[in-house]
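# Report on the structure
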Amino acid sequence: MLQSADARELIRTKRVEPSILSADYSRLGEQLETVIAAGARAIHVDVMDGHFVPPITIGPVIVESIRDQVHAAGGILDCHLMVERPERQIDQFTAAGADSITIQAEATPNVHYALKQIREAGCMAGLAINPGTPVDVVAEVIDLVDFVLCMTVNPGWGGQAFIENSPDKVSRLRDLVGPDLPIQVDGGIGVLTAAPTRDAGATLFVAGSAIFHTPDPATAYRAIAEAAGAS
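An account of the accompanying structure is given in this report. Sequence positions are assigned chain by chain, starting from 1 and proceeding in written order. pLDDT decides what is reported in this predicted model: residues at 70 or higher carry local features, side-chain atom pairs at 80 or more are listed and counted, and totals for whole chains, interfaces and linings draw on all residues regardless. With hydrogens and water stripped out, all remaining heavy atoms of the structure feed into the side-chain values.

## Here's the deal with the pattern of salt bridges
For clarity, the threshold we go by: The salt bridge criterion pairs a side-chain nitrogen of Lys or Arg with a carboxyl oxygen of Asp or Glu, the two atoms within 4 Å. Each residue is placed in one exposure class: buried if its accessible area under a 1.4 Å probe, protein chains only, is under 20% of its type's maximum, exposed if it is over 50%, and partly exposed if it falls in between.
A full pass over the atoms with the stated rule returns 9 salt bridges. Here Arg67 and Asp68 are joined by a salt bridge, their closest N and O atoms 3.6 Å apart. On the accessibility criterion, Asp68 (56% relative accessible area) is exposed. One salt bridge connects Glu87 with Arg85, and the closest N-O pair in it is separated by 2.6 Å.

Below you can see the structure in the form of structure tokens.
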């Protein structure tokens, strides 16, 4: 794990985060090496439980298996828990090597408690809001989050089309959180959608199929980073 100050500094710079949801798991280490060599330092891990969202994806075992590779490159593991009652899973992901853990505002009645739990475990805390969730929910816990995730598709499936009015929501979120708190966008992010979300105030850009479902993930990563004005 990066020292907390280094991880926080990294998350506060404009970054494209390759999402391993779309990776080829038979070549996961190789594909990570490719995007890390291209400049990626924040690796996004989409965790789904079959309850909060219908699909089931990956868990702490995968996080632990890639932890050393990502950390050795000076990177962080950004784990997005699309699971019911995430407060029951935080300790497992912390132990597996997560550097940041994002919970869904809609997934627990204990949002404040869960964010506090993430912070106390030594991880950065993120709060995700779905397309139908008002931005105002962030205001009640803004002192407990290191970044906010504005979903630009409905959670649960990779490869969905970007929701067209998402930049407007990002802009309203930016007005709410102020100029300094990082805003992450996730869903349908690629070369054509990175710039409008950047202009609206996004600073972290999660891209899965737009990177890994291409013949050359390194080139795809660099193109999205250029469009986003990211490192």
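The structure having been displayed, the exposition proceeds.
## Quick word on the sheet that holds strand S5 (residues 124-129)
In plain terms, the rule: We treat two strands as partners when DSSP finds at least two bridges between them. Helix and strand assignments come from DSSP, with helices taken as H or I runs of at least 4 residues and strands as E runs of at least 2, each series counted from the N terminus. For helices, the fitted line uses only the C-alpha atoms of the stretch in contact; every axis is such a line through C-alpha atoms, and the angle between N-to-C directions lies from 0 to 180 degrees. Residue contacts are counted whenever heavy atoms from the two residues lie within 4.5 Å of one another.
Overall, parallel pairing links the 8 strands, which are arranged S1-S8-S7-S6-S5-S4-S3-S2 in an open sheet. Looking at the sheet topology across the chains shown, the edges are occupied by strand S1 (15-18) and strand S2 (42-48). Between one strand axis and the next, the sheet turns through 25° on average, direction left out of account. In the packing of helix H9 (residues 217-228) onto the sheet, contacts are made with S1 and strand S8 (204-207), and the angle to S1 comes to roughly 145°.

## Quick word on the packing of helix H2 (residues 28-38) against helix H3 (residues 60-72)
This is how the line gets drawn: Should an angle fall under 35 degrees it is taken as roughly parallel, and over 145 as roughly antiparallel, whereas 65 to 115 is taken as roughly perpendicular and any remaining angle as oblique. Crossing handedness follows the turn of the near helix against the far one: under a right angle anticlockwise gives a left-handed crossing, and clockwise gives a right-handed one. In this count, Pro and Cys sit with the nonpolar residues alongside Ala, Val, Leu, Ile, Met, Phe, Trp and Tyr, while Asp, Glu, Lys and Arg are called charged and the others, Gly among them, polar.
Remark: H2 packs on H3, axes separated minimally by 11 Å, with the N-to-C direction vectors making an angle of 40°. Viewed along their axes, H2 and H3 adopt a mutual orientation that is oblique. Crossing geometry of H2 relative to H3 is assigned as right-handed. Taken together, the residues of H3 that come into contact with H2 (itself represented by Leu28, Gly29, Leu32, Glu33 and Ile36) are Ile62, Ile66, Gln69 and Val70. Taken together, the residues of the contact of H2 with H3 break down into 6 nonpolar, 2 polar and 1 charged.

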